[in-house]
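Residues per chain are reported as follows:
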Amino acid sequence: MQQAHVRGLSAVQAMFEAAKRAERAAFMPYFPIGYPTIAESIEIIAALAQTGVDGFEIGIPFSDPLADGPVIQAATQTALENGTTVRVCLDAVRQLRERGVQQPMMMMGYLNPLIAYGVEQFVLDAKAAGADGLIVPDMPPEEGAEFAETCAREGMAMVFFLAPTSSPERIALVAQVATGFIYVVSLTGVTGARSELPPDLTAFLERVKGAVGNMPLVLGFGISTPEQAKMVSAQVDGFIVGSVLVKAASNGAAAARDLAARIVEAIR
Amino acid sequence: MLIETNTTNVPDARGYYGDFGGRYVPETLIPALDELIAAYNEAMADAAFQNRLAHLHATYTGRPTPISYAARLSEQLGGAQIYLKREDLAHTGAHKINNALGQALLAQRMGKQRIVAETGAGQHGVASATASALLGLECIVYMGSVDMARQQPNVFRMKLLGAEVRPVESGSKTLKDAINEAIRDWVTNVRTTFYLLGSALGPHPYPMMVRDFQSVIGTEARRQIIAMAGKLPDACIACVGGGSNAIGMFHAFRNDASVELIGVEAGGCGINSHQHASRFADPSVGRMGVLHGARSFVMQTPDGQIADTHSISAGLDYASVGPEHAYLRQTERAFYTSATDEEALSALQSLAQTEGIIPALESAHAVAEAIKRAPTMPKDAVLLVNLSGRGDKDLDTVMKALKL
């Protein structure tokens, strides 16, 4: 039962410590609740958990996902048509915990549905459902005080972003307010598979690493192959793979599970 | 005439108008917004920049646009005297050029050669394509495929002006989706691209910048109406989609306590039908939220998904409203009402037949409010209506709606 395990910020920190001991990065797949159907999305996440991934970014669908590319736009649109609400997403997390999924789960959602739900209530209910933290792509730190305070009080991780355009001042600010980890966007752009990682990635990561102390860095956007995963595993504390898994899932749960398993294998 | 900046207490340094505004965008764009704020403040403090814009307005846009006294319409209604600020006579046929030229000059000053813009009715797309052609900038306009179908002439105009029009097939395929796609392009090409946002919405500094560039409307109109009517108007009336023509008119009158400021939203098939774009009028769907970078009133489902809107006018068919309007309403400085599709169509015909002016369907919403109010007011009362654009682009829609 989950009561035996720590949850929240401590669980996120423990995930990075374990990955560090294994001399690799933590692999955190993104998957949205409600795609291809609500029931299948829960099955897929449960199947991914079996492959030995380290954590999850659980997507809450939004009608206007302006940081997402075509694959996640289409999948989350389908999820909305399937009746996926914030409440349904929290219930999915509860079901996954009941089925024994132990990895940290970060709730990833755009701000408006969370405001409609109620900021404080959302953090409380996410915690009660068994989630460990929160990622809001359209909420920079300046606008995130209420979430940050509530998460701090409830022991939940509150993640903020850095991008290749971030100035030294932004890097310092985000390092100060983020808890759990910093989500480092690999490129200027939206989510989606890319054949190549950006050429200036290493220099960008070095710039960030020098300024954030011990705060774990999780790289996302564009990572799509086991080879790329292996490459970034040596450079950061964690990485997120989303669009390519969602695309694989359109061919069935097994395809998504197999891809995740190959990525897990590649970084061992 | 130089544009005055920072003459109000809003927005504050964080881009807030009371509870509204802010910068709710992905982190990638924050440095671009910081750069834009700095460049904008520097440009507006530079007389050479402002003189260049004023010179273009005088020699290219056709400013000042006149005010026309609507004598026959006023007489027919039997009450207040109606005056029209003729933004329909500005180059490209709407007020949108005021902002597009200002921002395009700023883009050029910042060394950005690539412009992206969104458009609903196509008026902002045409204005952006025009300004880009004039200044030799590359221009890409995102437009929902539904809007492309209902505003074909404007699509063709943009193409003639050398812009690339990219159809948007996501979501409701209208203005909101075009903004999403323009922001995605901007996030991707942020280092080389200037996002030329067309209304007083989006993340700070856009609502302030668009207001300032549009404030030329009210600044001219205030002087003109005093000269023509011998006094300030009793009320200014303007339609409100994102709200740029309205804020441009209201801004110069904000300290004139006797002047009522009236914004007219799209009432669509009527507020009770829930098929409308009246963010302020229908608390069952219009609530505080965040869309496209700003906290404001947003039409949404109980679960916080952005609701589909309806208006016969593509330019008012938008789920949120500029944050300064939400603030003016909250502080009760401005009053917001709505006109239905039917009322707008009827107002369009009245104005055409009494004054020989075919307004844009957007502007016809403001005319509809004047038609409602004028008969209830004394004959020495003055109503100033912002006629934000001309109706040529809407002929097809109007013909279909009137079954001509």
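How each quantity is defined
- Residues numbered from 1 in each chain as written.
- Chains lettered and ligands numbered in written order.
- Predicted model: local features only at pLDDT ≥ 70, side-chain atom pairs only at ≥ 80, totals over all residues.
- Heavy atoms only, no water.
- Helix = DSSP H or I, 4+ residues; strand = E, 2+ residues; numbered from the N terminus.
- Rg over C-alpha atoms; globule rule 2.2 N^0.38 Å.
- Contact = heavy atoms within 4.5 Å.
- Areas by Shrake-Rupley, 256 points an atom, 1.4 Å probe, with all protein chains shown as cover.
- Lys, Arg positive; Asp, Glu negative; His and termini not counted.
- Charge placed at Lys NZ, Arg CZ, Asp CG, Glu CD.
- 1 Å grid on protein atoms, 1.4 Å probe; cavity = no way out; pocket = protein on both sides within 12 Å on 5 of 7 lines; lining within 4 Å.
- Points joined across faces, edges and corners; volume = space filled by probe spheres on them.
- Nonpolar A, V, L, I, M, F, W, Y, C, P; charged D, E, K, R; others polar.
- Core = buried A, V, L, I, M, F, W, Y, C linked by side-chain atoms within 4.5 Å.
- Buried < 20%, exposed > 50% of the residue type's maximum accessible area, 1.4 Å probe, protein only.
- Salt bridge = Lys/Arg side-chain N within 4 Å of Asp/Glu carboxyl O.
- Polar contact = N/O pair within 3.5 Å; in protein donor to acceptor, adjacent residues only side chain to side chain.

Asker: So what's going on with the overall build of chain A? Residues and values would help.
Answerer: In terms of helices and strands, chain A carries 12 helices and eight strands. Radius of gyration (C-alpha) of chain A: 17 Å, near the 18 Å computed for a compact globule of 268 residues. Across its three principal directions, the C-alpha atoms of chain A cover 40 × 40 × 40 Å. By sequence separation, contacts in chain A at least 24 residues apart represent 72% of the contacts at least 6 residues apart. Only carbon and sulfur atoms are counted for the fraction: they give 52% of the accessible area of chain A, which is about 9,800 Å². Placing the 19 positive and 28 negative side-chain charges of chain A at their respective mean positions leaves the two points 6 Å apart.

Asker: Now, about empty space enclosed by the protein: what can you tell me, with residues and values included?
Answerer: In the structure shown here, the tally under the stated rule is nine cavities of 30 Å³ or more. Along its surface, the largest cavity is lined by 28 residues, and B:His95, B:Lys96, B:Ala121, B:Gly315 and B:Glu362 are the ones closest to its centre. Here the lining of the largest cavity is composed, by residue class, of eight nonpolar, 16 polar and four charged. Space inside the second largest cavity adds up to approximately 180 Å³. If you go around the second largest cavity, you meet 23 residues; those closest to its centre are A:Ile72, A:Tyr183, A:Thr191, A:Phe221 and A:Gly242. When contributions to the lining of the second largest cavity are tallied by element, the ones reaching two or more residues are β8 (238-241) and α11 (243-249) of chain A.

Asker: Describe the nonpolar core, naming the residues involved and giving the relevant values.
Answerer: In terms of nonpolar packing, the biggest core is built from 103 residues, with B:Leu106, B:Tyr195, B:Phe250 and B:Leu384 touching the most fellow members. Counting residues per element, this core draws most heavily on helix α1 (residues 30-44) of chain B, which supplies eight residues. Leaving out residues up to four positions away in the same chain, B:Phe250 has contacts with B:Cys236, B:Ala238, B:Leu261, B:Ile262, B:Gly263, B:His325, B:Leu328, B:Ala334 and B:Tyr336. Counting residues in each nonpolar core, the second largest holds 101 residues, with A:Tyr35, A:Cys89, A:Leu111 and A:Val246 among its members.

Asker: How would you summarise the environment of A:Ser167 if you had to cite specific residues and measurements?
Answerer: Residues and elements named next belong to chain A. Looking at the element boundaries, Ser-167 is found in the loop between β5 (157-162) and α8 (168-177). A relative accessible area of 22% means that Ser-167 is categorised as partly exposed. Counting along the chain gives 53 residues from Ser-167 to Gly-220, while the straight-line C-alpha distance between them is 19 Å.

Asker: Can you tell me about the pattern of salt bridges, naming the residues and giving the values?
Answerer: Under the criterion given, the structure shown has 42 salt bridges over all chains. Residues A:Glu142 and B:Arg23 are paired through a salt bridge, measuring 3.7 Å at the closest nitrogen-oxygen approach. On the criterion of chain membership, the pair formed by A:Glu142 in the loop between β4 (133-135) and α7 (145-154) and B:Arg23 in the loop between β2 (20-21) and α1 is interchain, its members lying in two chains. On the basis of relative accessibility, which here comes to 29%, the residue A:Glu142 falls in the partly exposed class. Between B:Arg109 and B:Asp46 there is a salt bridge, and its shortest N-O distance comes to 2.9 Å. Placement of the pair is B:Arg109 in helix α4 (residues 96-109) and B:Asp46 in the loop between α1 and α2 (47-61), with a sequence separation of 63 residues. On the accessibility criterion, B:Asp46 (26% relative accessible area) is partly exposed. Where salt bridges share partners, they join A:Glu142, A:Arg170, B:Arg23, B:Glu27 and B:Asp34 into one cluster.

Asker: How would you explain the interface of chain B and chain A if you had to name every residue and give the values?
Answerer: Interface size, as often reported, equals the accessible area lost upon joining of the parts. Contacts between the two partners involve 35 residues from chain B, matched on the other side by 37 residues from chain A. Linking chain B with chain A are four salt bridges, by the criterion used here. Across the pair A:Arg170 and B:Glu27 runs a salt bridge, and its minimum N-O distance is 2.8 Å. Taken together, the connections running from chain B to chain A amount to 21 residue pairs in polar contact (both at pLDDT 80 or more). Its residues placed into classes, the side of chain B that touches chain A shows 14 nonpolar, 10 polar and 11 charged.

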